[in-house]
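Fold and contact review
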Amino acid sequence: MKKIILGMGVLALAMFTLWWLQDAPLDDAARQWLDTTPSKDKDNPAYAYLLGFGVPDTQSPAQQGRELAQRQKTHPDLTLPNAYSELSSTPLFCQTLDATCLFKQQEKQAESKALVARYHFLIDRYQTFLDFPYFSDNTPPRLNASVPDYSLLIAASRLQSLAWANSDDPGPAMLSEIQRLRHWLAQDHSLISKMVANAILAEKLQLTALLVQKKMMPPPVFSPLTPAEKSFQSPMQKEFTLMAHFFIEEKYREGNEKANWSEELRFKAGLKKHISVNRMLPMYQHYAKLANKPADVIQEDNFHTAPATIGQRIRNPIGNILLETGSPDFKDYLLRLAHLDARIRLMRHLDRSTQSGPVSNNPWTPGKDDTLTRQKKQLCFATAPDSDRYSSCLPLL
């Protein structure tokens, strides 16, 4: 009898150990999200062009970009060209595009036009990039992968804005630029490229508001952001793929590749790749769905990853720690797009001479009237989660 009990105990211990050391299979939903193959041409020329954007003016960004894109497939950590890194720090560019900035750019008209003339080929490259019908940020899902130099794209956009600020009739061309930027905003972005598109558009709206008040262009009529422009499906899928590869390819072990047998056992026993990937998927799915909700719903959202089950706590303690300490707050990024949408809606109120009277198109108060405020040289909705860093306001002269 004792032998039977002892045998059953040994068998139970063996089965528990096998269960403890064994990983779970990847969920079908996780497998689908890991398929990040772009829906159109995998070698999309817009992404390649962006990789080559910073080559010297005597070279072709398209040709150099194609070569870089091919090389990146086997060597993710490329050295990307940027022959114009000094442009971003020119005093004529402003971090905040307000009335003070515009006046400075126009007062220094000769200096502004000289800078535009010197780097006009970058404006041409920027306009060429906006003309591509399709874009997908094809940065490989690796932590060491080189991201396109979006700072240079922002600098080229600001250079174009500097040209508009000193133009006799900037309206038609600038509105066309905004339309193409909105088309780019709706493409297959990474989180970084989505936020860059958002930031560039926000600056264009600020400049538009100032030029309208200076009577340099008529008030535009913009439609609110579309579901495609708000979409976070592609950014969340690419972020999920990046973090999934972090677990699946054991990047968390960098520096411990030559682990001894006891360290190897701790990794095997304490971190299960697939359990970790399966557990983090709902967070990315949640924010992808949340992006197209009304702004007030996004603002009130308070998502938390479901607590680990008893089995997950036993089998995956290291993975649980990594998930709980390394998960970013994606809500902040969704709010930035909500602020952009609010600025677009606010544009129609620029010509109101006073702040009195209700307005009905505040995205932060759907279905309810709100009022406008005019203070600190800004036009704002009275009800909005504005801060010093992000706001739904437009600059006033």
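Just above sits the structure.
Residues numbered from 1 in each chain as written. Predicted model: local features only at pLDDT ≥ 70, side-chain atom pairs only at ≥ 80, totals over all residues. Heavy atoms only, no water.

For a regular strand, side-chain orientation follows a simple rule: the groups alternate between the two sheet faces. Relative to strand β2 (residues 378-381), strand β1 (residues 372-375) runs antiparallel, the two sharing 4 bridges. Bridge pairing in β2 places R374 opposite L379. The hairpin formed by β1 and β2 contains 2 residues between the paired strands, and K376 there has a positive phi angle of roughly 55°. (Pairing = 2+ DSSP bridges. Helix = DSSP H or I, 4+ residues; strand = E, 2+ residues; numbered from the N terminus.)

Counted by the stated rule, this structure contains 6 salt bridges. R180 is the partner of D131 in a salt bridge, and the nearest nitrogen-oxygen pair spans 2.8 Å. Within this pair, whereas D131 is found in helix α7 (residues 120-131), its partner R180 is found in helix α9 (residues 171-185), the two being separated by 49 residues in sequence. D131 sits in the exposed class, given a relative accessible area of 52%. The partner of E203 in a salt bridge is R158, with the nearest N and O atoms 2.6 Å apart. Of this pair, E203 sits in helix α10 (residues 191-213) while R158 sits in helix α8 (residues 150-165), placing them 45 residues apart in sequence. (Salt bridge = Lys/Arg side-chain N within 4 Å of Asp/Glu carboxyl O. Buried < 20%, exposed > 50% of the residue type's maximum accessible area, 1.4 Å probe, protein only.)

With that out of the way, let us pick up unusual backbone geometry. Phi at K215 takes a positive value of approximately 65°, unusual for a residue other than glycine. One non-glycine residue, K377, adopts positive backbone phi at about 55°. The residue K377 is located in the loop between β1 and β2 in this model.

Under the counting rule described, the total for this entry stands at 14 aromatic pairs. Between W33 and F240, the aromatic rings sit 5.9 Å apart at their centres with planes inclined by 90°, giving edge-to-face as the arrangement. Of the two residues, W33 is situated in helix α2 (residues 28-34) and F240 in helix α12 (residues 233-248); the sequence distance between them amounts to 207 residues. Take W33: its relative accessible area is 10%, and that puts it in the buried class. (Phe/Tyr/Trp six-rings, centres within 6.5 Å; stacked < 30°, edge-to-face > 60°.)

Here we come to the nonpolar core. With 101 residues, the main nonpolar core has F53, L122, F129, L153, W184, M236 and L340 as its most contacted residues. Of all the elements, α10 adds the most residues to this core, at 13 residues. Not counting residues up to four positions away in its chain, the partners in contact with F129 are A46, Y49, L50, F135, L153 and W184. (Core = buried A, V, L, I, M, F, W, Y, C linked by side-chain atoms within 4.5 Å. Contact = heavy atoms within 4.5 Å.)

Moving on, we come to the environment of L87. Counting through the fold element by element, L87 comes out in the loop between α4 (61-72) and α5 (99-107). Each C-alpha atom of the pair L87 and L159 lies 9.0 Å from the other, and the pair is 72 residues apart in sequence. Excluding anything up to four places from it in sequence, L87 contacts F93, L115, Y119, L122 and A155.

What follows deals with the packing of α8 against α10. For the pair α8 and α10, interaxial distance at closest approach is 11 Å and the crossing angle is 10°. Regarding the angle of α8 to α10, the classification is roughly parallel. For the pair α8 and α10, contact is made by Y150, L153, I154, S157, R158, Q160, S161, W164 and A165 and by I192, S193, V196, I200, E203, K204, L207 and L211, respectively. Here the residues of the contact of α8 with α10 are counted per class, giving 10 nonpolar, 4 polar and 3 charged. (Axes fitted to C-alpha atoms, helices over the stretch in contact; angles between N-to-C directions. Parallel < 35°, antiparallel > 145°, perpendicular 65-115°, else oblique. Nonpolar A, V, L, I, M, F, W, Y, C, P; charged D, E, K, R; others polar.)

Another aspect to go through is the sheet that holds strand β3 (residues 394-395). Reading across from one edge, β1-β2-β3 is the order of the 3 strands in this open sheet, with antiparallel pairing throughout. Of all strands in the sheet, those bounded by a partner on one side alone are β1 and β3. In the packing of helix α18 (residues 331-346) onto the sheet, the strands contacted are β1, β2 and β3, and the crossing angle to β2 comes to about 110°.

Okay, the packing of α9 against α10 next. Contact pair α9 / α10: the axes reach a minimum separation of 10 Å and the direction vectors enclose 160°. Accordingly, the angle class assigned to the pair α9 and α10 is roughly antiparallel. Crossing of α9 against α10: the hand is left-handed. Contacts from M174, E177, I178, L181, R182, W184 and L185 in α9 reach S193, K194, V196, A197, N198, I200, L201, K204, L207, T208 and L211 in α10. Among the residues forming the contact of α9 with α10, the class breakdown is 11 nonpolar, 3 polar and 4 charged. (Left-handed = near helix turned anticlockwise from the far one by under 90°.)

Coordinates in, geometry out; function isn't part of it.
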